[in-house]
Amino acid sequence: MLLKRLGWALFTILFVVILNFFLFRILPGDPARQGIRDPRLSLETINAIRVRFGLDKPVINCFETLNPIKIGSCGVNPLDTQFFIYVGNLLKGDMGTSFYYNRPVEEVLGERLWNTILLIGAGQILAILLGVIFGLFAAWKVRTALDYTALISGLVAWSLPTFWLAIILLFWGTNMGLPIGGKATPGMSSYPFMDQLGDLFQHLFLPTLAYTIIYMGEYMLIMRSSLLDVLAEDYIMAAKAKGLSTFQILKDHALKNSMLPLVTIIAINLGFTVAGVIQIETVFSWPGLGGAIFESVGRKDYPLLQGAFLLIAICVILANLIADLTYSYLDPRVQVD
Amino acid sequence: MKLTPTPKNTSTAKLSVFWSSLRRNPMGLVGLAMLAFIVTVAILAPLIAPYDPKSTSGITSSDIYNPPSAAHLFGTDDAGKDVLSSFILGSRISLIVGFFAAFISIVIGGVVGIVAGYYGGRVENILMRVTDIMLVIPDLPLMVVIIALTKPSLFNIIFVIGIFGWTTTARVVRSQTLAVKSRKFVMRARAIGAGNMHIIRHHVLPLVLPLLVVQAVLTVSAAILNESTLSFLGLGDPTSPSWGQMLNFAFGRGAMSTGAWWVLVVPGFGIVWVVLSLTLFGQGLEQVLNPRLNTHHLMPGKPTVQNGRVDLDQEKGALLEIQHLSIHYINEDKTAARAVEDISFTLNKGELIGLVGESGCGKTTLMLSLLRLLPAAGQIVNGKVFFNGKDLTALSEEELNTVRWKEISIVFQGAMNALNPVRTVGDQIAEAITKHVPAMPHDKLQERVTELLDLVGIAADHKNHYPHQYSGGMRQRAMIAMALACDPQVIIADEPTTALDVMIQAQILELLDSLRKKLGLAIIFVTHDLGVVAEICDKVLVMYGGVTAEYADVDTIYNEARHPYTQELLKAFPDLTKPKKKLSSIPGYPPRLDALPAGCRFAPRCPIAFERCRIEQPSLHAVGAEHFASCHLVEAVQ
Ligand code: SF4
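Cut-offs and rules
- Starting afresh in each chain, residues are numbered from 1 along the sequence in its written order.
- A letter from A marks each chain and a number from 1 marks each ligand, given out in the order of writing.
- Where totals are concerned, whole chains, interfaces and linings use all residues; where local detail is concerned, this predicted model gives features only for residues with pLDDT of at least 70, and gives and counts side-chain atom pairs only at 80 or more.
- Only heavy atoms go into the side-chain values, all of them from the structure, while hydrogens and water stay out.
- Helix and strand labels come from DSSP, where a helix needs a run of H or I of at least four residues and a strand needs a run of E of at least two; each type is numbered from the N terminus.
- Only protein chains enter the calculation, and the probe is 1.4 Å; a residue is then buried if its accessible area is under 20% of its type maximum, exposed if over 50%, and partly exposed in between.
- In what follows, residue pairs with any heavy atoms lying within 4.5 Å of each other are defined as contacts.
- The protein chains shown are the only cover counted for residues, whose accessible areas, like all others here, come from Shrake-Rupley with a 1.4 Å probe.
- Think of it this way: Lys and Arg go in the positive column, Asp and Glu in the negative one, and His and the chain ends go nowhere.
- Where a charge lies is defined by one atom per residue type: Lys uses NZ, Arg uses CZ, Asp uses CG and Glu uses CD.
- For this measure, only C-alpha atoms enter the radius of gyration; the expected value for a globule follows 2.2 Å times N^0.38, where N is the number of residues.
- Each patch is built from salt-bridge-free residues with over 30% relative accessible area, joining like charges within 9 Å and nonpolar side chains (Val, Leu, Ile, Met, Phe, Trp, Tyr) within 5 Å.
- What makes a salt bridge here is a side-chain nitrogen of Lys or Arg within 4 Å of a carboxyl oxygen of Asp or Glu, nothing more.
- Strands qualify as paired when DSSP identifies two bridges or more between them.
- The angle between two axes is taken between their N-to-C directions and runs from 0 to 180 degrees, where each axis is a line fitted to C-alpha atoms and a helix contributes only its stretch in contact.
- An angle below 35 degrees is read as roughly parallel, one above 145 as roughly antiparallel, one from 65 to 115 as roughly perpendicular, and any other as oblique.
- By the definition used in this description, the sense in which the near helix is turned from the far one sets the handedness, with an anticlockwise turn below a right angle giving left-handed and a clockwise turn giving right-handed.
- Residues are grouped as follows: Ala, Val, Leu, Ile, Met, Phe, Trp, Tyr, Cys and Pro are nonpolar; Asp, Glu, Lys and Arg are charged; all remaining types, including Gly, are polar.
- Two aromatic rings, drawn from Phe, Tyr or Trp (for Trp, its six-membered ring), form a pair once their centres lie within 6.5 Å of each other, and the interplanar angle then sorts them: stacked below 30 degrees, edge-to-face above 60, tilted otherwise.
- For every domain, the bounds stem from an assignment made automatically or drawn from a database.
- Throughout, the accessible surface (probe 1.4 Å) given up by two parts as they are put together, summed over both, is called the buried area.
- Polar contact criterion, stated in full: a pair of N or O atoms within 3.5 Å, where within protein one must be able to donate a hydrogen and the other to accept it, and residues adjacent in sequence count only if both atoms are side-chain atoms.
- Residue-level confidence of the predictor, termed pLDDT, takes values from 0 up to 100.

## Points about the overall build of chain A
Move 1: Looking only at helices and strands, chain A has 12 helices and two strands in total.
Move 2: The N-to-C order of helical and strand elements in chain A reads α-α-α-β-β-α-α-α-α-α-α-α-α-α.
Move 3: Expressed as lengths along the three principal axes of its C-alpha atoms, the size of chain A is roughly 80 × 50 × 35 Å.
Move 4: When burial is assessed residue by residue, chain A has 52% of its 337 residues classed as buried.
Move 5: Within chain A, counting contacts between residues at least 6 apart in sequence, those at least 24 apart form 72% of the total.
Move 6: Surface summary for chain A: the accessible area is close to 15,000 Å², and the carbon and sulfur share equals 70%.
Move 7: Taking the average place of the 24 positive charges on the side chains of chain A and the average place of its 24 negative ones, the gap between the two points comes to 3 Å.

Next up, the structure:
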């Protein structure tokens, strides 16, 4: 079972790699072709790119290029095609050179990956925590004013466009004297560590708040409906018959059971979470992977775009795998060997 | 060949039912009204927009970022244009993209879901794998990549959003199709050789359609959100500015630093309006199609009506004494269901009483009311329950919690559902002990759990297993062990043997009976089968439609039953001496408890009912010492 899941994740990653490669070859804006026309690059860089991507070589067996489609020889050595050179480079950790930064893509993204993880981590933990707590109260006090308030705010939060909420928060935050974006105030690195940390918190505050509001609503709605199902189960009545107090029943019989579906939803949601991160990082100019996607579109920095997409997809697939395994660990009815 | 048609109600009748339940759904109605409003605005857009957003004539630099005024209700933007006009025209783009993209998604998702669900096997496997992959790949970055590599145009945006938005629909439709496929009329159609396409078109699609409509509404809202996001990220069609694009311009062109909040707030408000309206409408539809009760076991119950506490003399009274107990279910805007009316019986130490009647006769309600475990709508409207003289109907929840399980415990019907699936059986037994004897040290506690399991014949090494690892019979035994955990004086066994095979039924009965003798327990045995209790009961109370039909000791019930219902039940009971005799069951069903007949509750099914039975309700007559029956005929005889 574990091996099967692992194999499935690997297969999905492979699929993303293939998709990522061909998307950029089939659609009009081929990165390499674009890049070579890019006047910002020096001749040496262009030559280096040509060699590394093997651009003089066919895209893959039988096809010289894919846009426009030009049939080539099928007899070439597969390892001598662009596709396998690309895969080979990826395996070596080489994702190409960013046109804009003129630095290796993996280097640019490496820094940004951690910033994104910091933002998602903080936001996700808060959203889950608050979502579970509010959802729990809403379900417990079902059909009361508290429940209706929670239900309606959850639906409204669900309907908010993430970027718009971020803009409104930014508008409000700058009036309150919070930093307008980025991760640190320029020149902060010469200050003592505690000051730097405080500065980081100030910068992290608004993006995390936006993230939390957007996802908390959804988690709350899921928790509410899942808990409602659990609380209507016979074993809750049995627990009540045993003389357990309401608090004991919620804690020992309802919480774990109702959180199981939440874990699945969180796992499924990870793909959507990325959508939120792109928007939040864009509005707050947070130097993360999502921001990188937005910026590279504007700058036509295709190698960076390709790399960022690949990295995000792999992270989501891995996180999904972890969530999957957590679920089977939590639920005794699912066996993992 | 003529095919059996799908049981199709006339579609107009269906629609009117649908509409009347939607009318009672405030969420759906508000959503529908909000949606109707914005759709009207979008249709009339060129007529109601005060300015033409495309023309730049007469705009000077002094018009840039003007705050709201009489001339420009929502102010002006970075190009000096009227925000309200751009907003009104922008509604068209959002709605067009939303509807067309959702259309693509719904068609793909619907086809994938139906094909996967209907054909199953390899086809299903492949399709669901593809769906899984699509679900895991983050869609927004992929959309961004594709649109960035092609030309941002309305068509491309619709296409890309549509092509990535079908996964949820496919999953939902597939499971619905699976459910429909196993229905009788679909199986029948297949059996008589109807073609697959025919079955899908005429049998599956009509039943999947309502769900597809809900999905469509929710998909439109997701598509509109996606459109606004892509436009905000600068990937919108520059020739047809949507709300997202207005925000992109405003954000990118200094509205933030100018403090021009109106350019930022107004378009976003539009997006929220549309998405919220669709979400509310979709949720409303969903509730109409799958009504949920929204009640649970932790909701505060209704207070007992006769709340004055009057304890009895503990020395003289019986162990458990139920006096004139009546319970109603009180649901808003419905007639109260009179589930239990005027039931009285007593139970002494070591006695076993059988509570007999068909399902829906109020037995479970009566039993749950003893420990006040009724669902939230249930209310004890009259009567008292005394345990050792203590008035249980008047105790507070905290006081009651010391009686629950410690004195009176329950063996629930269907142990599978009454045991928590994610905790081990041993743990759940130990929990009951810890609650009432908190000071018990850990090793003694574990010893006691092992001893209890041993008592019901479960080996100690099953202690740390989960309920799903047990067999049906074992779970029922475990439930009994749990009921015994705190040495209670009374055990209520609610149909403890239904759904078990005959061998195991006999074992469980024997077990309960031997425990009663060994531990001196008093047992209330709830069952729909008179035969089951014949050998072990002392007394029998036959319930029908919430009232006592007959109450007597077991021999009297079996030999001198006076109530026609008891007599009919006895006929339905297989006589072991005449094994070939055919079982007869009483035709018809017990009355609905919210629509009870005016006269005798058994009258509609009674083989010897006469005029008076339909008008007047019989009262409970004493027919002998400790023998009662509620039938006009009994009274006539006396
Ligand atoms: S009162 Fe009439 S209807 Fe009711 S049980 Fe007796 S005979 Fe039958």
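After presenting the structure, the write-up continues.
## Observations concerning the overall build of chain B
Move 1: Scanning chain B for helices and strands turns up 23 helices and 12 strands.
Move 2: In summary, chain B has a C-alpha radius of gyration of 34 Å against a globular reference of 26 Å for 638 residues, an excess of more than 25%.
Move 3: Based on the C-alpha atoms only, the size of chain B along its principal axes is roughly 105 × 70 × 55 Å.
Move 4: Taking all 638 residues of chain B together, the buried fraction comes to 52%.
Move 5: Counted over contacts in chain B with a minimum sequence separation of 6, partners at least 24 positions apart contribute 69%.
Move 6: As presented, chain B carries roughly 28,600 Å² of accessible surface, and 60% of it is formed by carbon and sulfur atoms.

## Overview of unusual backbone geometry
Residues and elements named next belong to chain B.
Move 1: Notably, His324 is not glycine yet its phi reads approximately 45 degrees, a positive angle.
Move 2: Position of His324 relative to the elements: it lies in strand β1 (residues 320–329).
Move 3: Phi is positive for Trp405, which is not a glycine, with a value near 70 degrees.

## Concerning a nonpolar patch on the surface
Residue and element names in this part refer to chain A.
Move 1: The grouping of Leu126, Leu129, Leu130, Ile133, Phe134, Phe137 and Leu146 at the surface amounts to a nonpolar patch, some 590 Å² of accessible area in total.
Move 2: Ranked by residue count, the leading element in the nonpolar patch is helix α5 (residues 105–140), at six residues.
Move 3: Note that Leu130 resides in helix α5.
Move 4: With relative accessibility at 30%, the residue Leu130 sits in the partly exposed group.

## Focus: the sheet that holds strand β6 (residues 408–411) of chain B
All names here are of chain B.
Move 1: Pairing is mixed across the open sheet formed by eight strands, whose spatial order is β6-β7-β8-β3-β9-β10-β12-β11. What marks the edges here is a single partner per strand, and that holds for β6 and β11 (621–624). The sheet shows a mean angle of 20 degrees between the axes of neighbouring strands, direction not considered.
Move 2: Where β11 and strand β12 (residues 627–629) come together, three bridges link them in antiparallel fashion. Looking across to β12, one finds that Gly624 is bridged to His627.

## Notes on helix α10 (residues 243–252) of chain B
Move 1: Counting buried positions over the 10 residues of α10(B) gives seven, a clear majority of the element.
Move 2: Those residues of α10(B) not exposed but buried are Trp243(B), Gly244(B), Gln245(B), Met246(B), Leu247(B), Asn248(B) and Ala250(B).
Move 3: In this structure, the buried residues of α10(B) make contact with α7 (162–175) of chain A together with α2 (26–48), α3 (83–119), α9 (196–235), α11 (255–258) and α12 (261–289) of chain B.
Move 4: Of the residues trailing α10(B), Gly254(B) is marked for its positive phi of about 80 degrees.

## Side note on the packing of helix α1 (residues 2–26) of chain A against helix α5 (residues 139–149) of chain B
Move 1: Remark: α1(A) packs on α5(B), axes separated minimally by 10 Å, with the N-to-C direction vectors making an angle of 20 degrees. As far as their axial angle goes, α5(B) and α1(A) are roughly parallel. Seen along the crossing, α1(A) lies across α5(B) with a hand that is right-handed. In this structure, α1(A) uses Leu19(A), Leu23(A) and Phe24(A) to contact α5(B), whose residues at the interface are Leu142(B), Val145(B), Ile146(B) and Leu149(B).
Move 2: Residues of the contact of α1(A) with α5(B), tallied by class, amount to seven nonpolar, no polar and no charged.

## Observations regarding the pattern of salt bridges
Move 1: Taken as a whole and assessed by the stated rule, the structure comprises 28 salt bridges over all chains.
Move 2: The residue Glu341(B) makes a salt bridge to Arg338(B) at a minimum N-O spacing of 3.6 Å.
Move 3: Arg423(B) serves as the salt-bridge partner of Asp427(B), at 3.0 Å between the closest nitrogen and oxygen.
Move 4: Among the residues examined, Arg423(B) registers a relative accessible area of 13% and is labelled buried.
Move 5: Shared partners join several salt bridges into a network, and the residues in it are Lys242(A), Arg423(B), Asp427(B) and Glu431(B).

## A closer look at the packing of α3(B) against helix α7 (residues 167–181) of chain B
Residues and elements named next belong to chain B.
Move 1: Between α3 and α7, whose axes approach to 7 Å, the crossing angle comes to 35 degrees. Between α3 and α7 lies a crossing of right-handed hand. Only Thr169, Ala170, Val173, Arg174, Thr177, Leu178 and Lys181 of α7 make contact with α3, whose side of the interface consists of Ile106, Gly109, Gly110, Val112, Gly113, Ile114, Ala116, Gly117 and Tyr118.
Move 2: Taken together, the residues of the contact of α3 with α7 break down into eight nonpolar, six polar and two charged.

## Some thoughts on the packing of aromatic side chains
Move 1: Counting across every chain of the model gives 22 aromatic pairs over all chains.
Move 2: Judged by centre distance (6.3 Å) and plane angle (50 degrees), the ring pair of Phe269(B) and Trp273(B) falls under tilted. Of this pair, Phe269(B) and Trp273(B) are both found in helix α12, four residues apart, which corresponds to roughly one turn of the helix.
Move 3: Among the residues examined, Phe269(B) registers a relative accessible area of 47% and is labelled partly exposed.
Move 4: Under the relative-accessibility criterion, Trp273(B) is labelled partly exposed at 25%.
Move 5: The structure contains a cluster of three or more aromatic residues connected by ring pairs, namely Phe21(A), Phe22(A), Phe83(A), Phe84(A) and Tyr86(A).

## Quick notes on the domain arrangement of chain A
Residue and element names in this part refer to chain A.
Move 1: Segmenting chain A into domains produces domain 1 (2–91) and domain 2 (113–330).
Move 2: Distance between the C-alpha centres of domain 1 and domain 2: 35 Å.
Move 3: Across the contact, 18 residues belong to domain 1 and 15 residues belong to domain 2.
Move 4: Counting the surface lost from both domain 1 and domain 2, the interface buries some 1,500 Å², and carbon and sulfur atoms represent 76% of this.
Move 5: In this assembly, domain 1 and domain 2 are joined by one salt bridge.
Move 6: The partner of Arg5 in a salt bridge is Asp324, with the nearest N and O atoms 3.2 Å apart.
Move 7: Linking domain 1 with domain 2 are three residue pairs in polar contact (both at pLDDT 80 or more).
Move 8: Among the secondary structure elements, those contributing two or more residues to the side of domain 1 that touches domain 2 are α1, α2 (31–37) and α4 (82–91).

## Considerations on the confidence of the model for chain A
Move 1: The predicted model of chain A averages 85 in pLDDT, with 93% of residues at 70 or higher.
Move 2: Across chain A, the element-wise mean pLDDT spans from 55 in α2(A) up to 93 in helix α9 (residues 234–241) of chain A.

## Considering the interface of chain B and chain A
Move 1: In this assembly, 76 residues from chain B lie in contact with 78 residues from chain A.
Move 2: Among the residues of chain B in contact with chain A, Leu149(B), His297(B) and Leu298(B) are the three that bury the most area, contributing 12% of the side total.
Move 3: Applying the counting criterion to the chain B and chain A interface returns one salt bridge.
Move 4: Across the contact surface, chain B and chain A share 20 residue pairs in polar contact (both at pLDDT 80 or more).

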